[in-house]
Amino acid sequence: MADEAASQVAYLQGMEKIVKTDAEWRAELSPDAYEVLRHAGTERPWTGEYVHEKADGTYHCAGCGAELFDSGTKYESHSGWPSFTDPKVADAVELREDRSHGMVRTEVICARCGGHLGHVFDDGPGPSGQRYCMNSVALQFEPEQD
């Protein structure tokens, strides 16, 4: 537990908040990534690049590069989106209530740039019971180096 806390402190020391204008985000992101990350859009199920990704590595925020999820926590949820049991570092993401589309859900955003990543649900496997259901277009995968 102490190692995990030290790891989080070290990670967060390099996590300065990123603030950009809408025009800057639009210029830097693909149209799909811009829609998801900056306007809380959702990619269609089963269409994302990482739905079936099985390689070992780290998933980063496509907007700012922050480390978000480790492949060791990724699992097949049969939801149509990449799903994880926990973030790599808990403070790398922020959770907030989302009442859009006539539902009450918990939105997951990148703590560093405020980009919309997806939603978290209480129906996941493992000790946390969480299913972090992410949009592939909001992520960037870095394969583990041999």
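Before reading on, note that the structure itself is shown above.
First, a word on what this report is: a plain description of the structure on this page. Given the structure is predicted, the values throughout are model-derived calculations rather than measurements.

Our next topic: unusual backbone geometry. Phi at Trp46 takes a positive value of approximately 70°, unusual for a residue other than glycine. When you line up the elements, Trp46 lands in the loop between α3 (31-39) and β1 (57-61). Residue Trp46 is classed as partly exposed on the basis of its relative accessible area, which comes to 44%. A positive phi is found at His78, a non-glycine position, where the angle reads about 60°. As for its placement among the helices and strands, His78 is situated in the loop between β3 (74-75) and β4 (83-84). Taking the relative accessible area as the measure of exposure, His78 reaches 62% and is therefore exposed.

Bringing the sheet that holds strand β7 (residues 116-121) into the picture now. Ordered by their spatial adjacency, 6 strands build an open sheet running β3-β4-β8-β7-β6-β5, and the pairing between neighbours is antiparallel. Two strands bound the open sheet, and with one partner strand each, they are β3 and β5 (93-98). Bridge count between β3 and β4: 2 bridges; the pairing is antiparallel. Bridge assignment links Lys74 to a residue of β4, and that residue is Phe84.

This structure, assessed with the given rule, holds 6 aromatic pairs. On the numbers, 5.0 Å between centres and 70° between planes, the contact of Tyr59 with Phe84 is edge-to-face. Of this pair, Tyr59 sits in strand β1 while Phe84 sits in strand β4, and the two are 25 residues apart along the sequence. Like Phe84, Tyr59 is buried. Measuring from centroid to centroid gives 4.4 Å for Phe69 and Phe84, while their planes differ by 20°, and the two rings are stacked. In this pair, Phe69 is assigned in strand β2 (residues 67-70) and Phe84 in strand β4, connecting sequence segments 15 residues apart. Per residue, the accessibility class of Phe69 equals that of Phe84, and both read buried.

Turning our eyes to something else, we now look at the nonpolar core. In terms of nonpolar packing, the biggest core is built from 27 residues, with Cys61, Leu68 and Leu117 touching the most fellow members. With residues near it in sequence (within four places) discarded, Cys61 still touches Leu37, Ala66, Leu68, Cys110, Cys113, Leu117, Ala138 and Gln140.

Right, let's get into the environment of Arg112. As for its placement among the helices and strands, Arg112 is situated in the loop between β6 (105-110) and β7. Taking the C-alpha atoms as reference points, Arg112 and Cys64, 48 residues apart in sequence, are found 7.3 Å from one another. Engagement of the side chain of Arg112 in a polar contact is seen with the backbone oxygen of Glu16, the distance being 3.4 Å.

Scoring rules and cut-offs
Residues numbered from 1 in each chain as written. Predicted model: local features only at pLDDT ≥ 70, side-chain atom pairs only at ≥ 80, totals over all residues. Heavy atoms only, no water. Helix = DSSP H or I, 4+ residues; strand = E, 2+ residues; numbered from the N terminus. Buried < 20%, exposed > 50% of the residue type's maximum accessible area, 1.4 Å probe, protein only. Pairing = 2+ DSSP bridges. Phe/Tyr/Trp six-rings, centres within 6.5 Å; stacked < 30°, edge-to-face > 60°. Core = buried A, V, L, I, M, F, W, Y, C linked by side-chain atoms within 4.5 Å. Contact = heavy atoms within 4.5 Å. Polar contact = N/O pair within 3.5 Å; in protein donor to acceptor, adjacent residues only side chain to side chain.

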